Amino acid sequence: MMAKKTAATKTGKKRVTFEVEAETGSKVYLAGCFNGWEVGKKELVDKDGSGVYKCILMLTPGTYEYKFVINDAWCLDPGNPNFVANDQGTLNSCIEVIG
């Protein structure tokens, strides 16, 4: 993936881009503590058919745990070396949004 942070807005939220590579035609979603871990709330889009799926979230400063869901398989972010253990016995990717 690689979550990329950009400029803050007037609300104090930051634009964060999430991206991950997957097979063309895949169904890719972002689930995390910011959306109640609900699959289907935030779909990533491969606009140019290159297999790079992206989405943007507006997040307030803080630390967030997340995973990609690619064709129903929960996946760590391969572009982010930061992760934490979760209560399911697996790992979650982790990103810190700086204020």
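For the structure, check the block above.
As the structure is a computational prediction, the values presented were derived from the model and not from experiment. (Residues numbered from 1 in each chain as written. Predicted model: local features only at pLDDT ≥ 70, side-chain atom pairs only at ≥ 80, totals over all residues. Heavy atoms only, no water.)

**Digging into the overall build of the protein**
Here's step 1: A tally of helices and strands in the protein yields zero helices and eight strands.
Here's step 2: Starting at the N terminus and walking to the C terminus, you meet the elements of the protein as β-β-β-β-β-β-β-β.
Here's step 3: Sequence separation of at least 24 residues holds for 60% of the intrachain contacts in the protein that already meet a minimum separation of 6.
Here's step 4: On the protein, roughly 5,800 Å² of surface is accessible, and the fraction owed to carbon and sulfur atoms is 51%. (Helix = DSSP H or I, 4+ residues; strand = E, 2+ residues; numbered from the N terminus. Contact = heavy atoms within 4.5 Å. Areas by Shrake-Rupley, 256 points an atom, 1.4 Å probe, with all protein chains shown as cover.)

**Here's the deal with the pattern of salt bridges**
Here's step 1: Summed over the entire model, instances satisfying the criterion amount to three salt bridges.
Here's step 2: Where Lys54 meets Glu19, a salt bridge forms, and the shortest distance between an N and an O atom there is 3.8 Å. Placement of the pair is Lys54 in strand β4 (residues 52-59) and Glu19 in strand β2 (residues 14-21), with a sequence separation of 35 residues.
Here's step 3: As a salt-bridge pair, Glu43 and Lys27 come within 3.3 Å of each other at their nearest N and O atoms. Note that Glu43 is positioned in the loop between β3 (28-32) and β4 and Lys27 in the loop between β2 and β3, a separation of 16 residues in sequence.
Here's step 4: Of the residues examined, Lys27 reaches a relative accessible area of 44% and is grouped as partly exposed. (Salt bridge = Lys/Arg side-chain N within 4 Å of Asp/Glu carboxyl O. Buried < 20%, exposed > 50% of the residue type's maximum accessible area, 1.4 Å probe, protein only.)

**Brief notes about the pairing of β2**
Here's step 1: Burial of β2 is extensive: six of the eight residues sit out of reach of the surface.
Here's step 2: In this structure, β2 lies alongside β4, joined through eight bridges in antiparallel fashion. Paired with Phe18 across the strands is Cys55, a residue of β4. (Pairing = 2+ DSSP bridges.)

**So, the nonpolar core**
Here's step 1: Grouped together as the largest cluster of nonpolar side chains are 17 residues, with contacts concentrated most on Phe18, Val20, Val28, Leu30, Leu44, Leu59 and Phe68.
Here's step 2: Elements with a contribution of two residues or more to this core: β2, β3, β4, β5 (62-70) and β8 (91-97).
Here's step 3: Contacts of Val28, omitting those with residues within four sequence positions, involve Val20, Ala22, Lys42, Glu43, Leu44, Tyr53, Val69 and Ile70. (Core = buried A, V, L, I, M, F, W, Y, C linked by side-chain atoms within 4.5 Å.)

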